[in-house]
Structures are given as C-alpha cells and as structure tokens.
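# Secondary and tertiary structure notes
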Amino acid sequence: MKYQAFTLRNYKQISQIQSALSDEEKHAIEVVGNVLPFKVNNYVIEELIDWNNIPQDPIYQLTFPQKGMLSQTHFQEIENALSQNLSKSQSKVVANKIRYELNPHSSSQLQNIPTFDGIKLTGIQHKYRETVLFFPSNSQTCHAYCTFCFRWPQFVGIDELQFAMRETKLLTRYLKSHPEVTDVLFTGGDPMLMSAKNFETYVEPLINQQIPHLHTIRIGTKSLGYWPYKFLTDKDADDMLRIFEKIVQQGYQLAFMAHFNHPQELKTDAAKKAIQRILGTGAQIRTQSPIMRHINDSVNTWKEMWREQVKLRCIPYYMFVARDTGAQSYFAIPLERTYQIYKKAYQQISGIARTVRGPIMSANPGKVHILGNSTIGGKKVFVMQFLQSRNPDWTGQLFFTEYNPNAIWLDDLTPAFDQNQFFFEEETENEDTRIAAL
Ligand SMILES: *Cc1c(COP(=O)(O)O)cnc(C)c1O
Ligand code: SF4
C-alpha cells in the first residue's frame, strides 16, 4: 500500500466521507479542524474505520475532529470567523486565541530541557533519572493525528520551542556525562516516520560510542497502529529492520513502545505481520494507551486489547489517563470510573498480561499510579503511588487523597487526613533550580 495523507485540504476526496457523513458532520470537521490538528491516511480509512458505524466508530473518533471537542463558545467563535471570509492570517488569530485557552503547555515540558556547556538541548528532555527523551528533528509529525494528543500544539505550530535536535553529537556527550542514564527513548511526533537512513544516522553514533551505562534504546511510536506498512512494503522497510537487528546484536535492549488504543488496530493482517517482523529482529514490543471516552472506555475493549496483544507476543505496559489539555473535556473519564474499568479488565486476563500498570496520570511531579480506593479509619480515600518522579526519592512512595468520585485529574484532588498540601508540593515550587543544576 502506498501512503496517502488526508488533511482538511483534501479529505473530501475520501469516498467514504462523501457517503457516510452528513453536511453537518463535514462542517464540524472543518470548524474543529481549524483549531485542532487533523491528519488521517488511507490505511486508517480503508482498514481500520468501520464506515457503517459512524460517528461511534472508535477509530473514527480517534482520528476525525468532532463537534464536541470544542466548547460551544469556541466552536461558534471559529465558525463565525470562517464564515466571514476572513483572510487566512485573520482566522489564524482567532484559532490561536482559542488554542491558548486549551492549556497547550499542560505538563510544562519546557521545564525538562537540560543545559549542557551553556547550550540549551532543545531536542532532549530529562525528567526521570534513568531515561532521556530524544526528539529527532525530522520526526515531529505522525502518520495520522490522534484527536486527544497532548502534543497537538506542536502540530499546529504554536509551540514556541519545537523539541527538535539535529545533532546526536550533543546527545552522546550529554549521555557520557550522565552515568545514571540507562535508557534513551526516541520520541516525537513519531520517530518511525523517519526513513531508515535518517534513523541510522541517529542510532549509529549512540551504539558505536561505547557508552557503558546505556542499556536500552526505546522507540515511542504509533506506526504499528497507523502505518504498519512501514515495516512491510515501504521501500526501506527491510533496511529499517536491519537497523533494529544491529541494535540488538550490539547487545542493546531494543524496546518498541507501541501505542495502541483499540483492539481493532491489532486485527489487520498488516499490523499482525509487522509485529512479527519487528519481534523477529530481537526487539521487544511493549504497549501503552490512554483511556478515552468515545474510544476505549469499556472493560471489554481493554480486556480484548490486552489479550490480543499477549497473543501477538507483545507486553502490555501502561494505561494512561487523559491529560489536562486540548479536548480533555470530550475524552476525560472520572478517575474512579477509570480505575473500575482497569480493575475489571485486569481481573479477566492471565498473569502474563498483568505486566500492565495503570491507570496513570503523567502529571507535573511525576507519573502517579492510581492504586485504588480504600477506607482508612472510617474515611474513604484514593491510594496513589509515584511510579516515576522528578525527585527519585519519591518513586514508590504511597500517598492518600480525599475520595472524589468526580475528579478527572490530580488538580481535582486534595490531600487526605487534614494535610495542607501533598508532600511533593513544596519541592515542586522550586523545581526550576533543580533542573538548572541537572
Ligand atoms: C513515561 C516517561 C518516561 C519513561 O518512564 P518509564 O516509566 O521508564 O517508562 C520518561 N520520561 C518522561 C518524561 C515520561 O513521561
Ligand atoms: S501518534 Fe502519538 S504523537 Fe502522534 S498524534 Fe497520536 S498520540 Fe500524538
């Protein structure tokens, strides 16, 4: 299959759009698609979406803008701007105003950029001690866009700092001076948008530099869900697999952190074959996904997804909570309900699939694992644990919050047992100094 992308510019050419969607639905796509990023491709359209199940189809919800993704006020604002025949730059002003009201820098990623020899390493994030995130400059886009993506600001060009770095030299120097780092995680966008040749120029210096404390190369990618042909029929598919083999043969763990949101993404022949080809190189595939209303908020979906993943020899890893940005109000599910879905699905899978951990909020102080609720001394509370944290001493630490069945994010919760603040709050206020010293 040859890759074909569709955006607002040409999506009306999709024949399924013409027959399956009403004029009102097309109008909503255009209005919302002028604020939030929209891109889909021929694989998603032909092999993943069930066009007889519109608008409920989960993959349709995953990739196509929906009216409810903007508030009524925002929807009308941009709709008015578009109907007034404003110039492109004038309607962009309106779109950007709305975008800045959607909490574009939710997880303050700008704080995690390290400095080395006086140079800001804008293509690196180092938040958790053992793992450095690397944003190659030519993978700042994806094979299609997820409607819930927290990186949406960079796709619509309002991120002041594009996390992108051309140089691997600086990365290797940074790694050499940080012996605590064991993992480099390639991320983006989607690093598997890169050609094999490009990917090799990033990987070669890393694995040839003899950095003894570097053990694992991870690739955070949705390519298996959005474009498995990357590993099958794209012209450099075999070259890419050879690079994976080389990484493994040089003694590194190569971990594919694969993003799958729905079991449908595991059912096509292309996805199944691509998974087996990647595993054939000696790489492992670990899977992760957020839980999202309209897409995968049911026990059966998760049970089926984890079972199917294990059957395909993948390793379930994380279930995340919808972040506080973009169309969060469309997708968010109360933490209590999220936990119930997780628990009921977890009860119905074997121990082999229980490598999965969740639900997890990737919040400013760290990855917060919602362990469940409990009654302690007659008081109902949520029990939380840091799975990762800015301050390594917090990792593994339990804490309790007041029980609030409607809370959707950490901000909605207060400390239990009459504490004034969470133990991690005082220190987070000073974190700029800590990161500068990193
Ligand atoms: C999740 C995450 C990592 C990787 O954490 P693991 O728990 O080791 O998978 C690294 N950096 C950031 C910023 C993350 O959010
Ligand atoms: S593939 Fe990942 S980075 Fe790309 S739009 Fe989806 S969630 Fe965002």
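Placed above this text is the structure.
Residues numbered from 1 in each chain as written. Chains lettered and ligands numbered in written order. Predicted model: local features only at pLDDT ≥ 70, side-chain atom pairs only at ≥ 80, totals over all residues. Heavy atoms only, no water.

## Digging into the site of ligand 2
- Around ligand 2 sit C142, Y145, C146, C149, F155, G189, K222 and H259, and that is every residue in its neighbourhood.
- Most atoms of ligand 2, that is more than half of them, are within 2 Å of grid points of the largest pocket.
- Here the residues of the shell around ligand 2 sort into five nonpolar, two polar and one charged. (Near = heavy atom within 4 Å. 1 Å grid on protein atoms, 1.4 Å probe; cavity = no way out; pocket = protein on both sides within 12 Å on 5 of 7 lines; lining within 4 Å. Sits in = over half its atoms within 2 Å of the grid points. Nonpolar A, V, L, I, M, F, W, Y, C, P; charged D, E, K, R; others polar.)

## Structural notes on the site of ligand 1
- The immediate surroundings of ligand 1 are formed by K127, Y128, T131, L133, R218, Y317, Y318, S362, K367 and Q388.
- One nitrogen or oxygen atom from the side chain of Y317 is found 2.7 Å from an oxygen atom belonging to ligand 1.
- One nitrogen or oxygen atom from the side chain of K367 is found 2.8 Å from an oxygen atom belonging to ligand 1.
- Computed on the free molecule, ligand 1 has an accessible area of 390 Å², of which 85% lies beneath the protein chains in the complex.
- Under a 2 Å grid-point criterion requiring more than half of the atoms, the pocket assigned to ligand 1 is the largest pocket.
- Only β5 (124–128), β6 (131–134) and β11 (315–321) provide two or more residues apiece to the shell around ligand 1. (Polar contact = N/O pair within 3.5 Å; in protein donor to acceptor, adjacent residues only side chain to side chain. Areas by Shrake-Rupley, 256 points an atom, 1.4 Å probe, with all protein chains shown as cover. Helix = DSSP H or I, 4+ residues; strand = E, 2+ residues; numbered from the N terminus.)

## Details of the layout of surface pockets
- The calculated volume of the largest pocket comes to roughly 1,100 Å³.
- Forming the boundary of the largest pocket are 44 residues, of which F150, R151, Q288, F320 and R323 lie nearest the centre.
- Looking at the lining of the largest pocket, the elements that each hand over two or more residues are β5, β6, β8 (216–221), β9 (253–259), β10 (284–291), β11, β12 (357–362) and β14 (379–389).
- The residue inventory of the lining of the largest pocket, partitioned by class, reads 21 nonpolar, 15 polar and eight charged.
- Its volume calculated, the second largest pocket comes out at about 520 Å³. (Points joined across faces, edges and corners; volume = space filled by probe spheres on them.)

Nothing here speaks to function; it is all geometry.
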